[in-house]
Amino acid sequence: MKLTAKSVSRVVLAATLIATTTGGVAFLATTSASAASTLGASAAQSGRYYGAAVAAGRLGDSTYVGLLNREFDMVTAENEMKMDATEPNQNQFSFANGDRIVNHALAQGKRVRGHTLAWHSQQPRWMQGMEGSALRSALVNHINRVASYYRGKIYAWDVVNEAFADGGSGGRRDSNLQRTGNDWIEVAFRTARAADPGAKLCYNDYNTDSWAAAKTQGVYRMVQDFKARGVPIDCVGLQSHFGTSIPGDYQTTIQRFAVLGVDVQITELDIAGSGAQQADSYRRVTQACVAVARCTGITVWGIRDTDSWRYPGDSPLLFDGSGNKKPAYNAVLDALNAAGPTNPTTTTTTTTSTTTTTQDPGPGGCTATASLNTWNGGFVANIKVTAGSSALNGWSVSVSLPSGTTVTNQWSANRSGTTGTVTFTNVDYNGSVAAGQSVEFGFQATGSATGLSPTCSAR
Ligand code: 9MR
């Protein structure tokens, strides 16, 4: 989205949206009645996060960094991890500015949302001129390299940003990426999953806040389709760049996406206005999120008004230019505290998967079950290893693969073999499993998963 008066007014007219992601595992509050005094701590009481977009160029500003360190527990790079920033020349990668933000966040115990692996905008010049299969390959390479580089450090990636058209069509936006074929989005998600299996994978867009909007419906149909076909998607980001009002059906939008089995995250929140009106709008957004278990966090798109992409036309954030709390800040804090301490409901994964239980876990034994995300030509298998009635001090899982199937990578396990019977064993941190407890590992393969049936034994 470009910063123009037109786009901001369009947001004012059209927007309402929220998004969240959940890990399914919430943080437990340590007290039941005390109100927390920072955004991050108050959100954590209900298992959520409160984040901000951060610019590397402001990390030398002590007021800015003071607010960041004190108030927020999730960080998004405002521009530094986009395609133009990370691959300025084809196959030459540049992570210095992204690293400044990621390293600051991790050193402060904060988590990071990755933004963004694929977008029609802010492409490097070399990519802008590409099309067809060359562009598709460049896209896959970009996602592979960037997501692999940051592997293990990212809570959730905005894998694809703003791929749907504005207006009433509910269809895709025209772009060089879209013209490589309608499957480009699912290819992007599968590539990201393989490169960083531990990150949640989100689709992120604006003006998808109102349930009544055609654009919202288009994104909803895509997520529904992805879930039905096992395309890996974990979350939907509602950017939520708002005018002074919030769509009346915003919570409905959040709820409807959540029911599809994805987390919802509010990813780029900012709201025009001032004083009590702005505070009320921020309160309503916060309340809409905390009302839905799978709305797992909120990120504001900047810290002080003067840091906002919308300044000076709007003063849409929670702190004024001097770093003072605005009425909107207090409204958000109160709404977050009113929500806690409760945990977002632990969620069940509803991917299109087959689960096969093998062997009975006797004393000293174990079971292995496989959940599959399959596509034409490959699959990801997540394997759950469960100890029987006594603890394990090491485990080994064998999988017989159909002819023509080849393992390409694995995580949280060692592997021997790539075809035929492939054996996975625990790594140093997941070999000890208490009686009845489980650990998980996974692998990706090309070929078919037909008949995949893991067997587990203790080592
Ligand atoms: O806030 C970002 C601004 O500094 C950049 O100039 C702009 C370039 O497109 O991107 C802004 O962030 C956008 C985000 O990456 C995607 N959603 C819309 C945001 C505001 O335009």
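Residues numbered from 1 in each chain as written. Predicted model: local features only at pLDDT ≥ 70, side-chain atom pairs only at ≥ 80, totals over all residues. Heavy atoms only, no water.

Caption draft 1: Region of interest: the packing of helix H9 (residues 214–229) against helix H10 (residues 250–259). Two elements in contact, H9 and H10, have axes whose closest approach is 10 Å; the angle formed by their N-to-C orientations is 15°. Relative to H10, the element H9 lies roughly parallel. The element H9 and its partner H10 pack so that their crossing is right-handed. In this structure, H9 uses Thr216, Val219, Tyr220 and Val223 to contact H10, whose residues at the interface are Thr253, Arg256 and Phe257. In terms of residue class, the contact of H9 with H10 is built from 4 nonpolar, 2 polar and 1 charged. (Axes fitted to C-alpha atoms, helices over the stretch in contact; angles between N-to-C directions. Helix = DSSP H or I, 4+ residues; strand = E, 2+ residues; numbered from the N terminus. Parallel < 35°, antiparallel > 145°, perpendicular 65-115°, else oblique. Left-handed = near helix turned anticlockwise from the far one by under 90°. Contact = heavy atoms within 4.5 Å. Nonpolar A, V, L, I, M, F, W, Y, C, P; charged D, E, K, R; others polar.)

Caption draft 2: Spatial organisation of the nonpolar core. In this structure, Tyr50, Trp157, Val160, Phe189, Phe257, Leu269 and Leu318 are the most contacted members of the largest nonpolar core, which totals 90 residues. Contacts of Leu318, omitting those with residues within four sequence positions, involve Leu39, Tyr50, Tyr282, Val300, Ile303, Asn324, Lys325, Lys326, Ala328, Tyr329 and Val332. Residues Leu372, Phe379, Ala387 and Val439 belong to the second largest nonpolar core, which totals 26 residues. (Core = buried A, V, L, I, M, F, W, Y, C linked by side-chain atoms within 4.5 Å. Buried < 20%, exposed > 50% of the residue type's maximum accessible area, 1.4 Å probe, protein only.)

Caption draft 3: Region of interest: empty space enclosed by the protein. Applying the stated criterion across every chain yields a total of 1 cavity of 30 Å³ or more. Taken as a whole, the largest cavity holds about 50 Å³ of empty space. Every residue lining the largest cavity is listed: His120, Asn161, Glu162, Ala163, Arg173, Ser175, Leu177, Gln178 and Trp184. Within the lining of the largest cavity, the residues separate by chemical class into 3 nonpolar, 4 polar and 2 charged. (1 Å grid on protein atoms, 1.4 Å probe; cavity = no way out; pocket = protein on both sides within 12 Å on 5 of 7 lines; lining within 4 Å. Points joined across faces, edges and corners; volume = space filled by probe spheres on them.)

Caption draft 4: Here's a closer look at the environment of Asp263. Checked against the element boundaries, Asp263 lands in strand S8 (residues 263–271). As for Asp263 and Cys202, which are separated by 61 residues in sequence, their C-alpha atoms are 8.6 Å apart.

Caption draft 5: Molecular detail of the environment of Ala56. Mapping Ala56 onto the fold places it in the loop between strand S1 (49–54) and helix H3 (62–71). Overall, the relative accessible area of 2% leaves Ala56 in the buried class. Sequence separation of Ala56 and His104 is 48 residues, and the distance between their C-alpha atoms is 9.6 Å. Sequence-distant contacts of Ala56, defined by excluding residues within four places in its chain, comprise Glu80, Asn97, Arg100 and Ile101.

Caption draft 6: Quick look at the sheet that holds strand S13 (residues 395–400). Reading across the sheet, the 4 strands line up as S15-S16-S13-S18 and stay open at both edges, with antiparallel pairing between neighbours. With partners counted over all chains shown, the strands left at the sheet margins are strand S15 (414–416) and strand S18 (455–458), one partner each. The average undirected angle you get between the axes of adjacent strands in this sheet is 25°. (Pairing = 2+ DSSP bridges.)

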